[in-house]
Amino acid sequence: MRKPLFTLVICCTFFFFGIETGIAQEESTEKLNNTLKQPLYLQKGDTVAIVAPAGILKNREGEINKAKALLKNWGLQVVVGNNIFNQGQHFAGTDDERCEDFQKALDNPNVKAIWCARGGYGSVRILDKLDWTTFKKQPKWIIGYSDITAIHNEVHNLGFQSIHAMMCTSLQDDAETITETISTFKDAIFGKQLSYTLEGSRYNKPGSASAPLVGGNLTIMHTMLGSRTSIDPSGKILFIEEIGEYKYHIDRMLHSLKRAGYFDDCKGVIIGNMTKIKRNTTPWGSSIQQLILDVLADYNFPIAFNMKAGHEKDNRALILGEIVDLQVKKEQSTLKFTP
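Per chain, the residues get numbers from 1 upward, laid out in the order the sequence is written. Residues qualify for local features only when their pLDDT is at least 70, as the model is predicted, and side-chain atom pairs are given and counted only at 80 or more; totals for whole chains, interfaces and linings, by contrast, use all residues. With hydrogens and water excluded, all non-hydrogen atoms of the structure serve as input to the side-chain values.

Asks: Could you give an account of the overall build of the protein chain, with specific residues and numbers?
Replies: Labels follow the DSSP assignment, with helices taken as runs of H or I lasting at least four residues and strands as runs of E lasting at least two, numbered in each case from the N terminus. A count of helical and extended segments in the protein chain gives 10 helices and 13 strands. Here the protein chain, with 339 residues, has 51% of them falling under the buried criterion. In the protein chain, once contacts between residues fewer than 6 apart in sequence are set aside, the share between residues at least 24 apart is 79%. As presented, the protein chain carries roughly 16,400 Å² of accessible surface, and 49% of it is formed by carbon and sulfur atoms. Only protein chains enter the accessibility calculation, which uses a 1.4 Å probe; a residue is then buried when its area is under 20% of its type maximum, exposed when over 50%, and partly exposed in between. The criterion used for residue contact is that any of the two residues' heavy atoms lie within 4.5 Å. Shrake-Rupley sampling with a 1.4 Å probe provides the accessible areas, and residues are treated as covered by the protein chains on show and by no other component.

Written out as structure tokens, the structure is:
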């Protein structure tokens with residue numbers, strides 16, 4: 001028995017709009033998943049906690065004092081972790097002591113930002129000890145780079161933005177030699193829009209993308225693979241920087257990320273400072289830029305080199321999790337944050 005025509009029309013119409021609704025919901029969900037919550041930017045009178053979740057701070061009191069003076073000069077209050085100058089083998093105190101300082105900063109409602117004193121190694125050892133319950137209710141900025149990438153990844157997976165920027169030990173250099181490092185750090189924490197023009201490179205892969213920025217130190221992201229702290233760059237732009245590695249180490253780590261699907265749905269890649277690359281007894285045979293392009297040859301997203309961020313004096317602030325507009329050309333690239 002044939003169905004009446006109007007029934008078929010209703011069914012087809014429902015089917016068609018059902019697909020449309022499903023697509024819209026899927027796009028909406030994807031957008032929601034890629035939107036990380038932003039802590040409140042700082043205002044004069046706010047308090048910043050200085051803590052040391054990783055490497056030892058032996059004989060670094062002068063740099064911590066400079067950091068305190070810098071923040072106070074900007075009208076901010078400062079508290080310093082009780083255990084910051086402790087020594088626990090390689091670390092700034094035992095795991096429990098470093099965790100205690102970080103946890104207090106997370107839970108203190110008066111603290112609006114947590115500034116990591118230095119990187120080195122050790123953040124991963126306290127990640128599973130931290131309780132983020134209060135932080136999720138009252139998020140605050142967490143600031144640092146290098147080993148602090150482990151904490152950035154954790155915060156990203158919790159759904160919040162953080163700041164990849166200088167640490168207290170960056171002040172071992174004269175302020176006059178790191179003016180952009182300091183000024184962009186200040187702009188980031190006080191909510192001034194960040195915008196960068198990157199020097200051109202013949203290795204740049206032209207294109208454009210608008211998506212949240214994530215990432216950090218390559219080694220740390222590599223060591224997070226297989227854990228709950230491994231980030232998913234799908235629908236995002238990935239930033240990478242590194243220091244003190246052989247080229248074949250970098251190639252190996254990039255291939256590990258690639259095989260884990262890191263780049264499958266990535267919207268773009270930004271390459272920061274590749275500092276103090278070691279020479280192997282067997283030469284690699286190409287530049288570090290070409291090495292990266294070779295690993296990423298299967299993808300069509302834009303790739304920008306020469307982002308001044310990482311282990312150099314000129315280490316400009318990046319807000320991880322914030323949507324950025326990336327325009328890549330051979331002559332130059334631009335990176336604009338869109339809060």
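Asks: Please provide a residue-by-residue account of the sheet that holds strand β2 (residues 77-80), values included.
Replies: The strand order across the open sheet formed by 6 strands is β2-β1-β3-β4-β5-β11, and the pairing between neighbours is mixed. Each edge of the sheet is formed by a strand with only one pairing partner; in this case those strands are β2 and β11 (318-320). Put simply, the sheet's adjacent strands are angled 25° from each other on average, direction ignored. Judged from the 5 bridges that link them, strand β1 (residues 47-51) and strand β3 (residues 111-116) form a sheet pairing that is parallel. When the sheet's bridge partners are listed, Ala-49 is paired in β3 with Ile-114. On top of the sheet, helix α3 (residues 95-107) reaches β1, β3 and β4 (141-144); it is set at about 150° to β3, its chief contact. When DSSP finds two or more bridges between a pair of strands, those strands are recorded as paired. A fitted line through C-alpha atoms represents every axis, and for helices the fit uses only the stretch in contact; the resulting angles, taken between N-to-C directions, go from 0 to 180 degrees.

Asks: How would you summarise the sheet that holds strand β12 (residues 323-328) if you had to cite specific residues and measurements?
Replies: If you trace the 7 strands from one edge of the open sheet to the other, you get β6-β13-β12-β7-β8-β9-β10, paired in mixed fashion. Because the sheet does not close on itself, it has two edges, and the strands there are β6 (195-199) and β10 (303-304). Both strand β8 (residues 237-243) and strand β9 (residues 268-275) contribute to a ladder of 6 bridges, which runs parallel. The partner of Glu-242 across the bridge, within β9, is Met-274.

Asks: Give a description of helix α6 (residues 149-158) that names residues and reports values.
Replies: The buried fraction of α6 is high, at 8 of 10 residues. Those residues of α6 that sit buried are Thr-149, Ala-150, Ile-151, His-152, Asn-153, Glu-154, Val-155 and His-156. Downstream of α6 by one or two residues, Gly-159 has phi in the positive range, about 105°.

Asks: An account of the state of the cysteines is requested, with residue identities and associated values reported.
Replies: Cysteine sulfur pairs qualify as disulfides if the two atoms are within 2.5 Å. Taken as a whole and judged by the stated rule, the model has 0 disulfides. Among the cysteines around Cys-116, which has no disulfide bond, Cys-168 carries the closest sulfur, lying 8.5 Å off. A relative accessible area of 0% means that Cys-116 is categorised as buried. For Cys-168, a relative accessible area of 0% puts it in the buried group.

Asks: Explain empty space enclosed by the protein to me, using residue names and the numbers behind them.
Replies: Cavities and pockets are found on a 1 Å grid laid over the protein atoms alone: a cavity is a set of points where a 1.4 Å probe fits but cannot escape, a pocket is an open set with protein on both sides within 12 Å along at least five of seven lines, and a lining residue has an atom within 4 Å of such a point. Grid points are joined across faces, edges and corners, and a volume is the space filled by probe spheres set on the points. Under the counting rule described, the total for this entry stands at 2 cavities of 30 Å³ or more. By volume, the largest cavity amounts to about 50 Å³. For the largest cavity, the full set of lining residues is His-152, Asn-153, His-156, Phe-160, Ser-162, Leu-213, Val-214, Gly-215, Ile-231, Leu-320 and Gly-321. Residue assignment for the lining of the largest cavity shows that the elements contributing at least two residues are α6 and β7 (207-217). Three or more residues apiece are contributed to the lining of the largest cavity by two domains, here domain 1 (47-190) and domain 2 (195-337). The space that makes up the second largest cavity amounts to roughly 40 Å³. Residue lining of the second largest cavity: Tyr-41, Gly-191, Lys-192, Gln-193, Leu-194, Ile-319, Glu-322, Phe-337 and Pro-339, and that is the complete set. Classifying every residue of the lining of the second largest cavity by side-chain character gives 5 nonpolar, 2 polar and 2 charged. In this document the domain limits rely on a domain assignment from an automatic tool or a database. Classification convention: Asp, Glu, Lys, Arg as charged; Ala, Val, Leu, Ile, Met, Phe, Trp, Tyr, Cys, Pro as nonpolar; all other residues, Gly among them, as polar.

Asks: Tell me about the pattern of salt bridges, residues and numbers included.
Replies: One speaks of a salt bridge when a side-chain nitrogen belonging to Lys or Arg is within 4 Å of a carboxyl oxygen belonging to Asp or Glu. Within the structure shown, the criterion is met by 10 salt bridges. Among the ionic pairs, Lys-129 bridges to Asp-96, the shortest N-O distance being 3.3 Å. Highlighted residues: Lys-129 in the loop between α4 (124-127) and α5 (133-137) and Asp-96 in helix α3, separated in sequence by 33 residues. In this structure, Lys-104 and Glu-100 form a salt bridge, with 3.3 Å as the shortest nitrogen-oxygen distance. Note that Lys-104 and Glu-100 are positioned in helix α3 at a spacing of 4 residues, about one turn of the helix. You can call Lys-104 partly exposed: its relative accessible area is 46%. Classification of Glu-100 by relative accessible area gives partly exposed; the value is 35%.

Asks: How would you summarise the pairing of β3 if you had to cite specific residues and measurements?
Replies: The buried fraction of β3 amounts to 5 of the 6 residues, a majority that puts the element mostly inside the structure. With 3 bridges joining them, β3 and β4 adopt parallel strand pairing. Opposite Ala-113, over in β4, you have Trp-141 as the bridge partner.

Asks: Account for the packing of aromatic side chains, naming residues and giving values.
Replies: Whether two aromatic rings pair depends on their centres lying within 6.5 Å, for rings of Phe, Tyr and Trp, where Trp uses its six-membered ring; planes under 30 degrees apart make the pair stacked, over 60 edge-to-face, and the rest tilted. Under the definition given, this model contains 14 aromatic pairs. Consider the rings of Trp-132 and Phe-135, whose centres lie 5.2 Å apart with planes at 80°: the pair is edge-to-face. Classification of Trp-132 as buried rests on a relative accessible area of 6%. What links up through ring pairs into an aromatic cluster is the set Trp-74, Trp-115, Phe-185 and Phe-190.

Asks: Run through the environment of Gln-290, naming residues and quoting values.
Replies: Tracing the sequence through the fold places Gln-290 in helix α10 (residues 288-295). Separated by 87 residues in the primary sequence, Gln-290 and Tyr-203 place their C-alpha atoms 7.1 Å from one another. Contacts described as polar in this section are N or O atom pairs within 3.5 Å, which, within protein, must combine one atom able to donate a hydrogen with one able to accept it, while residues neighboring in sequence count only if both atoms come from side chains. Of the polar contacts made by the side chain of Gln-290, one reaches the side chain of Asp-294; its length is 2.8 Å.

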